[in-house]
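Below are the chains, spelled out letter by letter.
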Amino acid sequence: MAILSKDQAQALLKKALSYSKADECEVNLTGYKGGNIRYARSTVSTSGEEENMSLAVEARFGKRSGVATINEFDDASLEKVVRRAEEVARIAPESPEYVPMLGPQNYLPSNAWFKTTHDIDPEYRANAAAKSMQLADSKKLTAAGFWEDRSGFSAKMNSKGLFAYNQSSDVDFSVTMRTSDGTGSGYVTRDVSDVSKLDTAAASEIAAQKALSSVNAKAVEPGKYTVILEPTAAVDLLENMFRSLDARNAEEGRSFLSKPGGKTKLGEKMFDERVTITSDPTNPEIPSSTWSGDGRPHEKVTWIDKGVVKNMTYSQFWAQKKGVKGLPSPGGFIMAGGNQSLEDLIKGTQKGILVTRLWYIRAVDPQTLLYTGLTRDGTFYIENGKIKHPVKNFRFNESPVIMLNNLEALGKPQRIGGNLVPPMKIRDFTFTSLSDAV
């Protein structure tokens, strides 16, 4: 019962709404099935499978609202949860940011669900993990990895006539490979909507080669270097910027997009002209829901065009306050790149540092998006277009805003964390100290 069809979900939501006596009522229904498998020291340590479905009711009387949830769906239970939401609403304080519920909306067709992923079972997960561990054993490495898959649906209906439905599926896989003496470490991560596109053995081979190649790392003085950030490293900084495009934060002076007097940098060129960032819920590489959590449609949007900030995200309240349509935050971002592979970027580098991964990232200055963190799991020195030797890890202090003004080259975008991000070559990337971690 964890996955309902559109018609089944619509029927259940209509029944729940029929019990409402509130001024406004909205019902959200979600369900999923999925599982995971974890291994460490090349041995499975945990695994599990679950499925669940729940319904949340929001009732409103004027500007007061109350929410109640339930996971039983007989008529008596549905009426009970609606009454409970109404009881909470009657005693709740008025919301200073009240926004009326949306009426009917038009949504793009969704293509984010794949039967191949939905049909994953424990045996499939075990085989996927086994391929990774066998690869590690063949190279006398130790593997620690995690696989998680999920297939589900979400549906929304309210008393104003809105109805939305979406199905989605996702698989996330990551593995760290270590040499027996613990001095070499490699990492890889993959995420897909269609599990047939995921090969855990091929992915693990990348982590294994990084582990073997990172033994006997040499210390290199910290400073400003030309770096090549693999997508796994680049996305950690870029996502922080992607999620900082909020109009309210900018207008209230809390953002890298803020200007004095409540103004913003919308329409200004802030990045290298090669930087173009869009979102598209129907993109076949990173399909996502075609509607946001508040029911607004997701469409194809250009956020940054040739370095110019073109759009910002808005909550419903802030869009209403400012009298604009307002765009919700998208499910994933797409950064345009080039046709070069990672190897091509390395070949074109006289001297530089190749970074596999960043971790333990913390904000230093939210208004400039300055972050600090560490490299990890494979950091290498490049000389004359070749990887010369591994280097000890660094602490960095860098802002993606500065980084995207110091672009030298962009490679072919790859899916990472539900986004499409290219490997990128950056000049004057700031490393501040060394780290003994591998």
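Everything discussed here concerns the structure shown above.
The residue numbering used here restarts from 1 in each chain and proceeds along that chain's sequence as written. Where local features are concerned, this predicted model is filtered to residues with pLDDT of at least 70; where side-chain atom pairs are given and counted, the filter is 80 or more; whole-chain, interface and lining totals use all residues. To get the side-chain values, all heavy atoms of the structure are used, and hydrogens and water are removed first.

Novice: Just to check I follow, could you spell out the overall build of the protein for this structure?
Specialist: Scanning the protein from N- to C-terminus turns up ten helices and 21 strands. Atoms counted for the radius of gyration: C-alpha only. Globule rule: 2.2 Å times the number of residues to the power 0.38. Over its C-alpha trace the protein gives a radius of gyration of 24 Å, about what one expects of a compact globule, namely 22 Å for 438 residues. Projecting the C-alpha coordinates of the protein onto the three principal axes gives extents of approximately 70 × 60 × 35 Å. Summary of the burial criterion: residues with accessible area below 20% of their type's maximum are buried, those above 50% are exposed, and those between are partly exposed, where the area comes from a 1.4 Å probe applied to protein chains only. When each of the 438 residues of the protein is scored for burial, the buried share is 51%. In this description a helix means any DSSP run of H or I spanning at least four residues, a strand means any run of E spanning at least two, and both kinds are numbered starting from the N terminus.

Novice: What is the right way to look at the pairing of strand β4 (residues 141–158) in this model?
Specialist: Within a regular beta strand, the side chains point alternately toward one face of the sheet and then the other, so they alternate between its two faces. At least two DSSP bridges between two strands are needed for those strands to be called paired. Bridging between strand β1 (residues 24–40) and β4 involves 14 bridges; their strand directions are antiparallel. Residue G31 lies in a different strand from β4, and its bridge partner there is F153. Looking at chain direction, β4 and strand β5 (residues 163–179) are connected through 17 bridges and run antiparallel. Residue T142 lies in a different strand from β5, and its bridge partner there is R178. The hairpin formed by β4 and β5 contains four residues between the paired strands, and G161 there has a positive phi angle of roughly 100°.

Novice: For this particular structure, what's the right way to read the sheet that holds strand β2 (residues 43–61)?
Specialist: Within a sheet, neighbouring strands are paired by backbone hydrogen bonds and run either parallel or antiparallel to one another. Pairing in this open sheet of six strands is antiparallel, and the strands run β3-β2-β1-β4-β5-β6 from one edge to the other. A strand with exactly one partner marks an edge of an open sheet, and here the two such strands are β3 (64–70) and β6 (185–192). Each strand axis lies, on average, 15° off the axis of its neighbour in the sheet, ignoring direction. Any two residues whose heavy atoms approach within 4.5 Å are treated as being in contact. Between the N-to-C directions of two axes lies an angle of 0 to 180 degrees, each axis being a line fitted to C-alpha atoms and, for a helix, fitted only over the stretch in contact. Those strands touched by helix α4 (residues 122–138) are β1, β2, β4 and β5, and its axis lies near 40° from that of β1.

Novice: Whenever I open this one, the pattern of salt bridges confuses me. Can you help?
Specialist: Side-chain pairs of opposite charge can arise where the charged atoms are in close proximity. By definition, a salt bridge exists where a carboxyl oxygen of Asp or Glu is found within 4 Å of a side-chain nitrogen of Lys or Arg. Under the definition given, this model contains 28 salt bridges. In this structure, R296 and D294 form a salt bridge, with 3.0 Å as the shortest nitrogen-oxygen distance. Of the charged contacts in the structure, one is a salt bridge between R376 and D377, with a shortest N-O distance of 3.6 Å. The buried category is assigned to D377, whose relative accessible area is 0%. Several salt bridges share partner residues, and in doing so they unite E24, E58, R60 and K160 into one network.

Novice: It is not clear to me how the nonpolar core should be interpreted in this structure. Could you clarify?
Specialist: The tendency in soluble globular proteins is for nonpolar side chains to be buried side by side. Within the largest apolar cluster, 54 residues are counted, with the highest numbers of intra-cluster contacts made by L229, F271 and M424. The greatest single-element share of this core, amounting to seven residues, is contributed by helix α6 (residues 231–242). The residues touching M424, leaving out its near neighbours within four places in the chain, are V227, I228, L229, A234, L238, M335, L345, M403, L404, L407, A409 and L410. By size, the runner-up hydrophobic cluster in this structure holds 29 residues, among which are A22, I70, V82 and A89. Nonpolar cores are built from buried Ala, Val, Leu, Ile, Met, Phe, Trp, Tyr and Cys residues. Side-chain atoms within 4.5 Å join them into one set.

Novice: Honestly, the environment of G385 in this entry has me stumped. Any pointers?
Specialist: Relative to the helices and strands, G385 resides in the loop between β15 (370–383) and β16 (386–390). A residue is classified by how much of its surface remains accessible, and G385, at 10% relative accessible area, is buried. Note: C-alpha distance between G385 and E205 (180 residues apart in sequence) is 23 Å.

Novice: When you look at the packing of aromatic side chains in this model, what are you seeing that I'm missing?
Specialist: Two descriptors summarise a pair of aromatic rings, namely the distance from one centre to the other and the angle between the planes of the rings. Any Phe, Tyr or Trp ring, taking Trp's six-membered ring, that has another such ring centre within 6.5 Å forms a pair; planes under 30 degrees apart are called stacked, those over 60 apart edge-to-face, and the others tilted. Going through the model one piece at a time under the given rule, you end up with twelve aromatic pairs. Judged by centre distance (5.3 Å) and plane angle (55°), the rings of F429 and F431 are tilted. For the residue pair F429 and F431, the accessibility class agrees, reading buried in each case. By the ring-pair criterion, three or more aromatic residues cluster together here, those being Y225, F394, F396, F429 and F431. The ring of Y187 is capped by R357, whose NZ or CZ atom sits 3.8 Å from the centre of that ring. As a reminder, the over-ring test applies to NZ of lysine and CZ of arginine, requiring each to be within 6 Å of the ring centre and within 35 degrees of the ring normal. When the ring centre of Y360 is taken as reference, the NZ or CZ atom of R362 above it lies at 4.3 Å.

Novice: How do you make sense of the side chain of S174 when you look at a structure like this?
Specialist: Along the polypeptide, S174 turns up in strand β5. Classification of S174 as buried rests on a relative accessible area of 19%. Look past the residues within four positions of S174 in its chain and what remains in contact with it is A144, G145, F146, Y187, V188 and T189.

Novice: How should the side chain of T290 be read in this particular structure?
Specialist: Tracing the backbone through its elements, the reader meets T290 in the loop between β10 (277–279) and β11 (301–305). A polar contact is formed between the side chain of T290 and the backbone oxygen of L108, at a distance of 2.9 Å. Once residues within four sequence positions are removed from consideration, T290 is found in contact with Y107, L108, P109, S110, N166, P281, T282, P297 and H298. Here a polar contact is recorded for every N or O atom pair within 3.5 Å, except that within protein the pair must consist of a potential hydrogen donor and a potential acceptor, and residues adjacent in sequence are included only if both atoms are side-chain atoms.

Novice: It is not clear to me how the environment of L266 should be interpreted in this structure. Could you clarify?
Specialist: As for its position among the elements, L266 is in the loop between β9 (263–264) and β10. Residue classification places L266 among the partly exposed residues on the basis of a relative accessible area of 41%. It is 34 Å that separates the C-alpha atoms of L266 and T189, two residues lying 77 residues apart in sequence. The residues contacting L266, other than those within four sequence positions of it, are V309, K310, N311 and M312.

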